[in-house]
Amino acid sequence: PGNFIYHEGAKWEVIAFRAPPGGLESRRSRMRVCKECGAFSTVDCDLCPSCNVRFDAENSDMFELLEMTNVIARRRERITANEEQRQRRGYWLHDAYAYAVADGRARMQEADTMVNGSPIMRLTYAPAATVLRINRGWRASRTEGFLVDMETGEWLRPDNDGRAATRRATRNRQPVDPALVHLMVRDTRNLLLIRLPGVDLERDVRLETSLRYALQRGIERAFQIEASEIAGGVIGRGALRALIFYEVSEGGAGVLRRLVEEADALARVAREALTQCHFDDEGRDAQPECHAACYECLLSFSNWIEALHINRHHIRDLLIQIAGGRTLPRIGGRDYREHLAWLQSQTDERSELERRFLDELARLGARLPDEAQKAIAEPHCIPDFFYAPNICVFCDGSVHDNPAQRASDEAVRQELRARGYRIVPIRYDQPIRAQIARYPEIFGDVG
């Protein structure tokens, strides 16, 4: 009692806990969390399911977890002295995630934000991922975790010297050994990981903290969502250190997917973040009296404990770069340029139209095909390009004007349509850009 939770933009005070039917032991578990990338797994895993590092005592943590039960709460309109004190002391919160799996593979999409042909950000979007938020105790406490009597659910205090209490007597039963556990909540959320290649975020705390809050504010402004619908944090270490954002609203707001699928979505977010930080698109300061950050831009009641690390000037140049970039998907582990080169190597050497089509897609920054010269068994044919799961692109040169060839093409394509494939013909005698623009749902909005 006295703890606060936030739901649907309102503050609620916890007044009672509901004990689970199986008792507290049914909510107790052990998890291993990778320090490198922040993914969690069961304790018997030898390799991280996300970054494939081999676990040892140095690169992973073992957590004894107690999943929080349902609570009864009442709505509160004001901030109390207890909540201010709790914010001042601060809990040590730790995020961890696990990708959803489909057909034996992790469900995720990757993209790069490109500026002048070079990637400056790597984005990983994971729909329906499992997110753990682990409470490791008070930041200033000498004892990590919480002491809980697993039989009664009573919360215990450590001894005065900071060591865990070993036994506690009650009126109606024998003394028991309390359990030292970390509190945990688990949920299924759409999440986004943002990494900066070549930038050590751990060494530049101002950049990490300022960019996290600026992008969060930019997402809220660009997509017109409430602050309570998006949550953020940091995760991992070294080259895999990342900013993590996840959708809090029930069912997801659907905005994080757009950041990896739409080429200009992250650029729009960065422009909104610049405006939120009192800068125009060229970086001119519209509010010089705001020296580092203020409550009109990046500061809030929930992040004041990090206020010394928040500086809008420290991220201005990076936001300007992002605002001028384009976000392009990674396919098969290859970035946009590498995948384009791979597709060009797979084209029919006799077809100039295929290469012109790829060149135009690249010039427009449009979505590239997933595969080239993909063989389809029934009906037997080889589309020039293929977009998963069912889009076949045929580049029709002048030879396809021959009546016999035209009849053969039509028979094959009718059979493909009957089997659920979608056909996109690219003709040699029409402007390629105009043909691409007819299918924004496939190639993206190319204007």
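Quantities reported herein were computed from a predicted structural model and do not represent experimental measurements.

### Section: the overall build of the protein chain
Then, in step 1: Scanning the protein chain for helices and strands turns up ten helices and 21 strands.
Then, in step 2: Expressed as a percentage of the 447 residues in the protein chain, the buried residues total 45%.
Then, in step 3: Restricting to contacts in the protein chain with at least 6 residues of sequence separation, those with at least 24 account for 65%.
Then, in step 4: Working note: accessible area of the protein chain is about 23500 Å², and carbon and sulfur atoms make up 47% of it.

### Remarks on the sheet that holds strand 18 (residues 371-372)
Then, in step 1: Spatially, 18-19-20-21 is the arrangement adopted by the four strands of the open sheet, whose pairing is mixed. Strands at the two margins of the open sheet, each flanked by one partner only, are strand 18 and strand 21 (422-427).
Then, in step 2: As judged from the six bridges shared by strand 20 (residues 391-396) and strand 21, these two strands associate in the parallel manner. Considered in strand 21, the bridge of Cys-392 is made with Ile-423.
Then, in step 3: The strands touched by helix 7 (residues 352-364) within the sheet are strand 19 (385-387), strand 20 and strand 21, with strand 20 carrying the most contacts at an inclination of about 120°.

### As for the nonpolar core
Then, in step 1: Judged by nonpolar contacts, the single largest core of 45 residues is most densely connected at Met-121, Ile-194, Leu-215, Ile-219, Leu-256 and Leu-259.
Then, in step 2: For this core, the elements supplying multiple residues, two or more each, are strand 10 (109-115), strand 11 (118-138), strand 14 (179-195), helix 2 (205-223), strand 16 (242-247), helix 3 (256-261), helix 4 (265-276) and helix 5 (316-323).
Then, in step 3: Tallying contributions element by element places helix 2 first for this core, with seven residues.
Then, in step 4: Contacts of Ile-194, omitting those with residues within four sequence positions, involve Met-121, Arg-122, Leu-123, Leu-215, Arg-241, Ala-242, Leu-243 and Phe-245.
Then, in step 5: Listed in part, the 26 residues of the second largest apolar core include Phe-357, Leu-368, Ile-432 and Tyr-439.

### Description of unusual backbone geometry
Then, in step 1: Residue Pro-379 is reached from Glu-378 by a cis peptide bond, and omega for that bond is -10°.
Then, in step 2: For Pro-379, the position within the fold is in the loop between strand 18 and strand 19.
Then, in step 3: Here the residue pair Ala-388 and Pro-389 is connected by a cis peptide bond, since its omega of 5° sits within 30 degrees of zero.
Then, in step 4: One non-glycine residue, Gln-224, lies in positive phi territory at about 55°.
Then, in step 5: In this structure, Gln-224 sits in the loop between helix 2 and strand 15 (230-235).
Then, in step 6: Residue Gln-224 is classed as exposed on the basis of its relative accessible area of 68%.

### What to know about the side chain of Arg-136
Then, in step 1: Looking at where Arg-136 falls in the secondary structure, it is placed in strand 11.
Then, in step 2: The class for Arg-136 is buried, based on a relative accessible area of 9%.
Then, in step 3: Here Glu-144 takes part through its side chain, which lies 2.9 Å from a polar atom of the side chain of Arg-136.

### Description of the layout of surface pockets
The rolling of a water-molecule-sized probe over the atoms marks out the regions of remaining empty space.
Then, in step 1: When its volume is computed, the second largest pocket comes out at roughly 1500 Å³.
Then, in step 2: At the level of elements, strand 8 (101-102), strand 9 (105-106), strand 10, helix 3, strand 17 (326-330) and helix 10 (440-443) are the ones that each hand at least two residues to the lining of the second largest pocket.
Then, in step 3: Ranked by residues supplied to the lining of the second largest pocket, first place goes to strand 17 with five residues.
Then, in step 4: Across the lining of the second largest pocket, the residue classes break down as 19 nonpolar, eight polar and 16 charged.

### Some words on the packing of helix 4 against helix 5
Then, in step 1: With their axes 7 Å apart at the nearest point, helix 4 and helix 5 run at an angle of 145° to one another. Taken as a pair, helix 4 and helix 5 cross one another with a handedness that is left-handed. Across from Leu-266, Ala-267, Ala-270, Arg-271, Ala-273 and Leu-274 in helix 4, the residues of helix 5 making contact are Arg-316, Leu-319, Ile-320, Ile-322 and Ala-323.

Quick notes on the rules
- Residues numbered from 1 in each chain as written.
- Predicted model: local features only at pLDDT ≥ 70, side-chain atom pairs only at ≥ 80, totals over all residues.
- Heavy atoms only, no water.
- Helix = DSSP H or I, 4+ residues; strand = E, 2+ residues; numbered from the N terminus.
- Buried < 20%, exposed > 50% of the residue type's maximum accessible area, 1.4 Å probe, protein only.
- Contact = heavy atoms within 4.5 Å.
- Areas by Shrake-Rupley, 256 points an atom, 1.4 Å probe, with all protein chains shown as cover.
- Pairing = 2+ DSSP bridges.
- Axes fitted to C-alpha atoms, helices over the stretch in contact; angles between N-to-C directions.
- Core = buried A, V, L, I, M, F, W, Y, C linked by side-chain atoms within 4.5 Å.
- Polar contact = N/O pair within 3.5 Å; in protein donor to acceptor, adjacent residues only side chain to side chain.
- 1 Å grid on protein atoms, 1.4 Å probe; cavity = no way out; pocket = protein on both sides within 12 Å on 5 of 7 lines; lining within 4 Å.
- Points joined across faces, edges and corners; volume = space filled by probe spheres on them.
- Nonpolar A, V, L, I, M, F, W, Y, C, P; charged D, E, K, R; others polar.
- Left-handed = near helix turned anticlockwise from the far one by under 90°.

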